[in-house]
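Secondary and tertiary structure notes
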Number of protein chains: 2
Amino acid sequence: MTELSIGQYQLVANFFSLTIAAMGAATAFLWINRSQVAPAYRTAVTISGLVTFIALYHYWRIYASWEEAYTISEGVLVSTGKSFNAAYRYVDWLLTVPLLLVELILVMKLSASDTLKKSVKLGGLAMLMIILGYPGEISDASGTRWLWWSLSMIPFLFIVYELFVGLKKAQDAQPPSAQKLVGIARYLVVASWAFYPVVFVFPMLGIEGGTATTVVEIGYSIADMVAKAVFGVLIFAIAIKKSEGEKSEVTV
Amino acid sequence: MTELSIGQYQLVANFFSLTIAAMGAATAFLWINRSQVAPAYRTAVTISGLVTFIALYHYWRIYASWEEAYTISEGVLVSTGKSFNAAYRYVDWLLTVPLLLVELILVMKLSASDTLKKSVKLGGLAMLMIILGYPGEISDASGTRWLWWSLSMIPFLFIVYELFVGLKKAQDAQPPSAQKLVGIARYLVVASWAFYPVVFVFPMLGIEGGTATTVVEIGYSIADMVAKAVFGVLIFAIAIKKSEGEKSEVTV
């Protein structure tokens, strides 16, 4: 299908392995350090670790599927007939993307009803975004890909709007020491997420072949590491800052 | 045996993988968050995590068995001769279904003797229900399937009756803040469980072939995720609500 060189194939495999290591490390860091933050923020930190844990599992599967999809025969990379399963990414996103938004909402410590309302709204939009993207991803027809891409962009833009307008007010209500970090977290979500619809468009622009596959797989891996592991550590940092500001509440 | 298309085969595999991820995430969430609830409710939360952990193990086996049962040869899906092992589901249910009922009973915090009595009664009925279903499941004869299905429905209906009548009184005795959630939990058990006997009847109604297999496997996966992972998080939410209502008891 795609004409990968052996070098490209191994480069992608190494990036998948790097992602496994990063997700595993982030999971351990977040769960072990959970007791460092005030009880009110522990669920946010636990869920941050859940997201990297789920991603760890999927990258394990992705790595195995990549290994099984190709073999080297007489010095050339050949397809084994088992195709690389890109669906793992979508299954992963279906679970982790709503949870990522819940992390951000939880660490803001809004009222219980606001937390629930925003979690359901943003989480639901995120699931809709992933589900609408999938029929496009598995299609080879450019028209079909554009259709589902456009449909998927609608909830995406709603989420971006909600993060910039809806959560801006909540950010202003944060303690000054945490405001800057919360702002960074909001931008990090939007910046890392913007990568995905761009990568999706590559095949529709005629960017194909081994180099495109390599760029797409490495690109998704980097975006996942930023959106999940780096973002999770940032959520932890916010939780630490806010815990320090509410020291009397802390009981370990 | 069943004429699955490659697309159906992979869709089912992806659903099994999704279930593995969901069960793993639920287990981690429940066990890590266990200390958030008052000591009286920790066993209920621990057992909720046990249920998803046992399901995680069995879906791992189910996924592997599915992989081993089929292979792709010259672009068509062919059976390898090793048949897909549906018994994993029954072994799983034999362990998890009684525990699910125990979760619900424990989180209600009845008297010690009531807890024991109801656990033995409902847990025993649940085991009987699973055991009576199995001889039907492995039979191809419609008459045999109907016989065991009917026998299995007897304990099932007893459980439903017990949940609606026997536990209704216990629900009314719950603190007001938790009553609604306990009510949802009772309905969730009945609604998600009702799915299983319906799916069981499919082959007896002549619904067969690749599409039926796909619907059955995906249906069981979704029902298991709802009955175990979603239900477990609901039990945790009830435990949190009740802990808040009894704050003086909480020690972290």
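Predicted model only: the values in this text are computed from it and were never measured. (Residues numbered from 1 in each chain as written. Chains lettered and ligands numbered in written order. Predicted model: local features only at pLDDT ≥ 70, side-chain atom pairs only at ≥ 80, totals over all residues. Heavy atoms only, no water.)

1. Considerations on the overall build of chain A
Summing up its helical and strand segments, chain A has seven helices and two strands in all. Mapped in sequence order, the helices and strands of chain A form the string α-α-β-β-α-α-α-α-α. By the compact-globule yardstick of 18 Å for 252 residues, chain A fits well, its C-alpha radius of gyration being 20 Å. Once the C-alpha set of chain A is aligned to its principal axes, its extents read approximately 70 × 35 × 25 Å. In chain A, the share of contacts with a sequence separation of at least 24, taken over all contacts with a separation of at least 6, comes to 78%. (Helix = DSSP H or I, 4+ residues; strand = E, 2+ residues; numbered from the N terminus. Rg over C-alpha atoms; globule rule 2.2 N^0.38 Å. Contact = heavy atoms within 4.5 Å.)

2. Topic: the relation of the copies chain A and chain B
Each of the two chain copies can be generated from the other by rotation about an axis followed by a shift along it. The operation relating chain A to chain B is a screw motion whose rotation component is 75°, with 0.0 Å of axial translation and a residual RMSD of 0.1 Å. What we have between these two chains is a five-fold relation. (Least-squares fit on C-alpha atoms with pLDDT ≥ 70 in both.)

3. Some details on the interface of chain A and chain B
The interface is formed by 21 residues belonging to chain A together with 19 residues belonging to chain B. Taking both partners together, chain A and chain B bury about 1700 Å²; carbon and sulfur atoms supply 60% of that area. Of all residues in chain A, R34(A), Y57(A) and R61(A) give up the largest surface area on contact with chain B, accounting jointly for 26% of the area buried on that side. Secondary-structure elements contributing two or more residues to the side of chain A that touches chain B are α2 (39-69) and α3 (87-107) of chain A. Ranked by residues supplied to the side of chain A that touches chain B, first place goes to α2(A) with 11 residues. Among the residues making up the side of chain A that touches chain B, the classes are represented as 12 nonpolar, five polar and four charged. (Buried area = accessible area lost by both parts, 1.4 Å probe. Nonpolar A, V, L, I, M, F, W, Y, C, P; charged D, E, K, R; others polar.)

4. Here we look at the pattern of salt bridges
A full pass over the atoms with the stated rule returns 16 salt bridges over all chains. The shortest N-O distance in the salt bridge between E217(B) and R89(B) comes to 2.7 Å. Of this pair, E217(B) sits in helix α7 (residues 209-245) while R89(B) sits in helix α3 (residues 87-107), placing them 128 residues apart in sequence. As far as burial versus exposure is concerned, E217(B) and R89(B) are alike and both buried. Beyond isolated ion pairs, a larger network of salt bridges with shared partners links R89(A), D92(A), E217(A), D224(A) and K228(A). (Salt bridge = Lys/Arg side-chain N within 4 Å of Asp/Glu carboxyl O. Buried < 20%, exposed > 50% of the residue type's maximum accessible area, 1.4 Å probe, protein only.)

5. Comments concerning the confidence of the model for chain A
The pLDDT averaged across chain A works out to 90; a share of 97% of its residues lies at or above 70. For chain A, per-element mean pLDDT is lowest for helix α6 (residues 176-201) of chain A, which scores 86, and highest for helix α1 (residues 6-33) of chain A, which scores 97. (pLDDT = per-residue confidence, 0-100.)

6. Some remarks on the packing of helix α4 (residues 112-137) of chain B against helix α5 (residues 142-172) of chain B
All names here are of chain B. Here α4 crosses α5 at 160°, and the two axes come no closer than 7 Å. It follows from the interaxial angle that α4 and α5 lie roughly antiparallel. Every pair of crossing elements has a handedness; the one defined by α4 and α5 is left-handed. In this structure, α4 uses K118, K121, L122, L125, A126, L128, M129, L132, G133, P135, G136 and E137 to contact α5, whose residues at the interface are T144, R145, W148, L151, S152, P155, F156, F158, I159, E162, G166 and L167. Of the residues assigned to the contact of α4 with α5, the class counts are 14 nonpolar, five polar and five charged. (Axes fitted to C-alpha atoms, helices over the stretch in contact; angles between N-to-C directions. Parallel < 35°, antiparallel > 145°, perpendicular 65-115°, else oblique. Left-handed = near helix turned anticlockwise from the far one by under 90°.)

7. Description of the nonpolar core
Of all hydrophobic cores here, the largest spans 93 residues; its most connected members are W66(A), W66(B), I159(B) and W193(B). Element by element, the count of residues in this core is highest for helix α6 (residues 176-201) of chain B, at 12 residues. With residues up to four places along the chain from it excluded, the contact list for W193(B) reads V97(B), L100(B), L101(B), M129(B), F156(B), I159(B) and A227(B). (Core = buried A, V, L, I, M, F, W, Y, C linked by side-chain atoms within 4.5 Å.)

8. Re a nonpolar patch on the surface
On the surface, L147(B), L151(B), I154(B) and F158(B) cluster together into a nonpolar patch covering about 360 Å² of accessible area. Assignment of secondary structure puts F158(B) in helix α5. (Patch = residues over 30% accessible without salt bridge, like charges linked within 9 Å, V, L, I, M, F, W, Y side chains within 5 Å. Areas by Shrake-Rupley, 256 points an atom, 1.4 Å probe, with all protein chains shown as cover.)

9. As for the packing of helix α5 (residues 142-172) of chain A against α6(A)
Running from N to C, α5(A) and α6(A) point in directions that differ by 175°, and their axes come no closer than 11 Å. The angle between the axes of α5(A) and α6(A) places the two elements in the roughly antiparallel class.

10. As for α3(B)
The end-to-end C-alpha distance of α3(B) is 30 Å, a good match for the 30 Å that 21 residues give at a rise of 1.5 Å each. Residue W93(B) marks the point of greatest curvature in α3(B), where the axis turns by about 35°. (Expected span 1.5 Å × (residues − 1). Bend = angle between axes of the 7 residues up to and from the residue.)

11. Examining the pairing of strand β1 (residues 70-73) of chain B
Residue and element names in this part refer to chain B. Across four bridges, β1 lies against strand β2 (residues 76-79) in antiparallel orientation. Paired with T71 across the two strands is V78, which belongs to β2. Taking the residues between adjacent antiparallel strands as the criterion, β1 and β2 are bridged by two residues, where E74 takes a positive phi near 50°. (Pairing = 2+ DSSP bridges.)

12. Re the packing of aromatic side chains
Residue and element names in this part refer to chain A. In this structure the tally under the stated criterion is 33 aromatic pairs over all chains. Each ring, one from F16 and one from W66, has its centre 5.7 Å from the other, and the planes form 85°; the classification is edge-to-face. One end of the pair, F16, is in helix α1; the other, W66, is in helix α2, with 50 residues separating them in the sequence. Here the two residues F16 and W66 agree in accessibility, since each one is buried. A network of ring pairs unites the aromatic residues Y9, F16, Y59, W66, Y70 and F84 as a single cluster. (Phe/Tyr/Trp six-rings, centres within 6.5 Å; stacked < 30°, edge-to-face > 60°.)

13. Description of the environment of Q174(B)
All names here are of chain B. Looking at the element boundaries, Q174 is found in the loop between α5 and α6. Sequence-wise, Q174 and K109 are 65 residues apart; in three dimensions their C-alpha atoms are separated by 8.8 Å. Every residue in contact with Q174, bar those within four places of it in the chain, is listed here: V107, M108, Q179, V182 and K242. Within the local environment of Q174, its side chain forms a polar contact with the side chain of K242, the two groups lying 2.5 Å apart. (Polar contact = N/O pair within 3.5 Å; in protein donor to acceptor, adjacent residues only side chain to side chain.)

14. Looking at the side chain of S65(B)
Residue and element names in this part refer to chain B. For S65, the location among the structural elements is in helix α2 (residues 39-69). Overall, S65 belongs to the buried group, its relative accessible area being 10%. Setting aside chain neighbours within four positions, we find S65 in contact with S83, F84, N85 and Y88.

15. Brief notes about the environment of Q174(A)
Residue classification places Q174(A) among the buried residues on the basis of a relative accessible area of 5%. Sequence spacing of Q174(A) and A229(A) is 55 residues, and the spatial spacing of their C-alpha atoms is 23 Å.

16. Concerning the environment of A55(A)
Looking at the secondary structure, you find A55(A) in helix α2. In contact with A55(A), other than residues within four places in its own chain, are M23(A), D92(A) and K228(A).

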